[in-house]
2 protein chains.
Amino acid sequence: MITSKKTSRPRASKLARPSGPARHPVPAHVLRSFTPARHDHRRCVSAALSKADATCNASGRRLTPLRRRVLELVWRSHTPVKAYDLLAALGREREQAAPPTVYRALDFLLEAGLVHRIASLNAFVGCGEPGPGHTGQFLICTACGTVAELDEPALSKTIAASAERLGFEVRRETIEIAGLCAGCRRRGAD
Amino acid sequence: MITSKKTSRPRASKLARPSGPARHPVPAHVLRSFTPARHDHRRCVSAALSKADATCNASGRRLTPLRRRVLELVWRSHTPVKAYDLLAALGREREQAAPPTVYRALDFLLEAGLVHRIASLNAFVGCGEPGPGHTGQFLICTACGTVAELDEPALSKTIAASAERLGFEVRRETIEIAGLCAGCRRRGAD
DNA sequence: GAAAACAGGTTAGATGATAACATCAAAGAA
DNA sequence: TTCTTTGATGTTATCATCTAACCTGTTTTC
Ligand SMILES: [Zn+2]
Ligand SMILES: [Zn+2]
Ligand SMILES: [Zn+2]
Ligand SMILES: [Zn+2]
């Protein structure tokens, strides 16, 4: 884990730019997702928790200790977490933990836009950029399990155009791309 | 169901064209999906079964009576079917039907590309255009439950470009767009 | 025909998610 | 403050989805 703690914000454009004519810069949190060995994950966690505090305060939602703890557990890695794994983790630190405990916390976090559900995996990941009107677009590495969240307006636009032609009104997008991340490709994962 | 059985193929272009400058024609099976009252669904079913026979023959797969029957049940509508509904339907017509019966049949049909799994619904739909290298892109009406399959190269291309920038190798796309179909919008569904 | 591969039956259980009701704490109203 | 309402969590039970493991019979292949 390399830290570089000083600068107030890691500059995405500095780190990114693998080659192509990137029309818009790759967000920092995406990069961190796919460089698990090379980043200080504690920063991801604390950033996520701060943002959660902020957005909940702003929207009048109550980020209770339990909910906050579940969010923290979700953020233990960039790999999607199963509800029952969360349940097990909770069970280790408090006596009372039943399925509804964790599912209710997850419902809250989903509602608040702090986590996303990965439908194709029945699992949950923390959202790196919580905010309104942001739909989940995910790259999922089948080798290391890491999930990176995209935010490609072009993608949504293409979908909107397609839907438009059929008179279809888009409400929710579920986009989950499975494959191999750069790291796993390099080390010849299958 | 209104029939109009005579013409050898329903003309997509005739029915479609809601307004826009459709860059490529909307495939017939997509249109049929979203006009449930206006098409002879028996044609969908028999077409699907013929194609299934053909592709299985071509690829040396065995479309056994059970598998064929499950496919037929999946095709009872353009609405995704739950595995346990299939199981119940099977149970009504034969004595022996347990979960593995239907899940194994579904696995086969998925493998053969004859049905798709809708991850966001834990359900299955028949594939209108079975064939290799074709990834699922779905529009799902939350009001009437109808699912239409898209095949938008532009969409895949956009995803590929995005993935490229991150060095990500795409293997499988899960694209499920929930919303309202034209019909349900007209009749003011929510 | 024997061996191998495959389809399906059968039993049991793992995993994922929710319903319904009880209890307690926080937020608002009187 | 005290009452009231709302919301968060505990608790129990159950439903829903999916799979492992083992067995039997049927095709394929040699
Ligand atoms: Zn991290
Ligand atoms: Zn990876
Ligand atoms: Zn039809
Ligand atoms: Zn509809």
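It should be noted that the structure appears before, not after, this text.
Residues numbered from 1 in each chain as written. Chains lettered and ligands numbered in written order. Predicted model: local features only at pLDDT ≥ 70, side-chain atom pairs only at ≥ 80, totals over all residues. Heavy atoms only, no water.

1. A look at the coordination of the zinc ion (ligand 1)
Threshold: Sites may look incomplete, because water is not among the atoms used; the donor set itself consists of N, O and S atoms within 2.8 Å of the metal (3.2 Å for Na, K and Ca). Any coordination sphere not matching a tetrahedral pattern (four donors, all angles between 85 and 135 degrees) or a square planar or octahedral pattern (four or six donors, opposite donors over 155 degrees apart, other angles between 65 and 115) is reported as irregular.
Here the zinc ion (ligand 1) is held by the protein donor atoms His39 of chain A (NE2), His41 of chain A (ND1), Cys44 of chain A (SG) and His78 of chain A (NE2), which lie 2.0 to 2.3 Å from it. One can describe the site at the zinc ion (ligand 1) as tetrahedral: its four donor atoms subtend angles covering 104 to 112 degrees at the metal.

2. Looking at helix H7 (residues 153-165) of chain A
Spelled out, the test is: The numbering of helices and of strands both runs from the N terminus, where a helix is a DSSP run of H or I of at least 4 residues and a strand a run of E of at least 2. To estimate the expected span of a helix, count its residues, drop one, and scale the result by 1.5 Å. Contacts are residue-level and defined by heavy atoms, with any inter-residue pair within 4.5 Å sufficient.
Between the first and last C-alpha of H7 of chain A there are 18 Å, a value that for 13 residues agrees with the 18 Å anticipated at 1.5 Å per step. Next to the buried residues of H7 of chain A lie strand E3 (137-141) and strand E5 (169-180) of chain A together with strand E3 (137-141), strand E4 (147-150), helix H7 (153-165) and strand E5 (169-180) of chain B. Looking at the residues trailing H7 of chain A, positive phi occurs at glycine 167 of chain A, about 70 degrees.

3. Some details on the coordination of the zinc ion (ligand 2)
Residues and elements named next belong to chain A. Applied cut-off: Only protein chains enter the accessibility calculation, which uses a 1.4 Å probe; a residue is then buried when its area is under 20% of its type maximum, exposed when over 50%, and partly exposed in between.
Protein ligation of the zinc ion (ligand 2) involves Cys141 (SG), Cys144 (SG), Cys181 (SG) and Cys184 (SG), the donor distances falling in the range 2.2 to 2.4 Å. Considering all four donor atoms around the zinc ion (ligand 2), angles at the metal cover 104 to 116 degrees and the coordination shape is tetrahedral. As a motif over one chain, the donors of the zinc ion (ligand 2) read C-x2-C-x36-C-x2-C. With cysteine 144 in the loop between E3 and strand E4 (147-150) and cysteine 184 in helix H8 (residues 182-186), this residue pair connects regions lying 40 residues apart in the sequence. Cysteine 144 sits in the partly exposed class, given a relative accessible area of 32%.

4. Some thoughts on the protein's contact with DNA strand D
The test is simple: It suffices for a single heavy atom of a residue to lie within 4 Å of a molecule or strand for the residue to be listed as near it. For this analysis, a polar contact is any N or O atom pair within 3.5 Å, provided that within protein one partner can donate a hydrogen and the other can accept it, and provided that sequence-adjacent residues contribute only side-chain to side-chain pairs. Under the grouping applied here, Gly and all other residues not named as nonpolar or charged are polar, the nonpolar ones being Ala, Val, Leu, Ile, Met, Phe, Trp, Tyr, Cys and Pro and the charged ones Asp, Glu, Lys and Arg.
Around DNA strand D sit 19 residues, and of these Thr64 and Arg104 of chain A together with Tyr84, Tyr103 and Arg117 of chain B come closest. Taking the atoms of DNA strand D that fall within 4 Å of the protein, sugar and phosphate contribute 51% of them. In the environment of DNA strand D, a phosphate oxygen lies 3.2 Å from a nitrogen or oxygen atom belonging to the side chain of arginine 67 of chain A. Among the elements of the structure, helix H4 (65-74) and helix H6 (99-111) of chain A together with helix H6 (99-111) of chain B are those that each provide at least two residues to the surface near DNA strand D. Considering every element that reaches the surface near DNA strand D, the biggest residue donor is H6 of chain B, with four residues. Taken together, the residues of the surface near DNA strand D break down into seven nonpolar, four polar and eight charged.

5. Some thoughts on the relation of the copies chain B and chain A
Counted only if it meets this: Least squares is used to superpose the copies, and the fit set is the C-alpha atoms of residues whose pLDDT is at least 70 in both copies.
Mapping chain B onto chain A calls for a screw motion: a turn of 180 degrees about the axis and a shift of 0.0 Å along it, with 0.1 Å RMSD after fitting. In symmetry terms, the pair is related by a two-fold rotation axis. Within chain B, the C-alpha atom positioned nearest to the axis of rotation is that of isoleucine 175 of chain B, 2.3 Å from it. Interface overlap between copies is the fraction of interface residues in one copy that are interface residues in the other; for chain B against chain A it reaches 98%, indicating a shared surface.

6. So, the packing of aromatic side chains
All names here are of chain A. Operational definition: In this analysis, rings of Phe, Tyr and Trp, with Trp reduced to its six-membered ring, are considered paired at centre separations within 6.5 Å, and the interplanar angle assigns stacked below 30 degrees, edge-to-face beyond 60, and tilted for intermediate values. Either the NZ atom of lysine or the CZ atom of arginine qualifies as a charge over a ring when it sits within 6 Å of the ring centre and within 35 degrees of the ring normal.
By the definition in use, this model includes two aromatic pairs over all chains. Geometrically, the ring pair formed by tyrosine 84 and tyrosine 103 is edge-to-face, given 6.3 Å between the ring centres and 65 degrees between the ring planes. One end of the pair, tyrosine 84, is in helix H5 (residues 83-93); the other, tyrosine 103, is in helix H6, and 19 residues separate them in sequence. Residue tyrosine 84 is classed as partly exposed on the basis of its relative accessible area, which comes to 48%. You can call tyrosine 103 partly exposed: its relative accessible area is 35%. Here the guanidinium or amino end of arginine 67 rests over the ring plane of phenylalanine 108, the centre of that ring lying 3.9 Å away.

7. Structural notes on the interface of chain B and chain A
Quick reminder of the rule: Buried area, as used here, totals the accessible surface that two parts lose on assembly, with accessibility defined by a 1.4 Å probe and the loss added over both. Salt bridges are defined by distance alone: a side-chain nitrogen of Lys or Arg within 4 Å of a carboxyl oxygen of Asp or Glu. Should DSSP find at least two bridges between two strands, the strands are taken to pair.
The interface of chain B with chain A comprises 41 residues on the first partner and 40 residues on the second. Ranking the residues of chain B by area buried against chain A places Arg165, Leu166 and Phe168 of chain B at the top, with a combined share of 21%. Taken together, the links from chain B to chain A amount to four salt bridges. A salt bridge links glutamate 169 of chain A to arginine 185 of chain B; its shortest N-O distance comes to 3.5 Å. Remark: the boundary between chain B and chain A carries 18 residue pairs in polar contact (both at pLDDT 80 or more). Breaking the side of chain B that touches chain A down by element, the ones donating at least two residues are helix H2 (28-33), E3, H7, E5 and helix H8 (182-186) of chain B. Residue contributions to the side of chain B that touches chain A peak at twelve residues, all from E5 of chain B. Within the side of chain B that touches chain A, the residues separate by chemical class into 24 nonpolar, seven polar and ten charged. With eleven bridges joining them, E5 of chain A and E5 of chain B adopt antiparallel strand pairing. By the bridge assignment for E5 of chain B, glutamate 173 of chain A is matched with isoleucine 177 of chain B.

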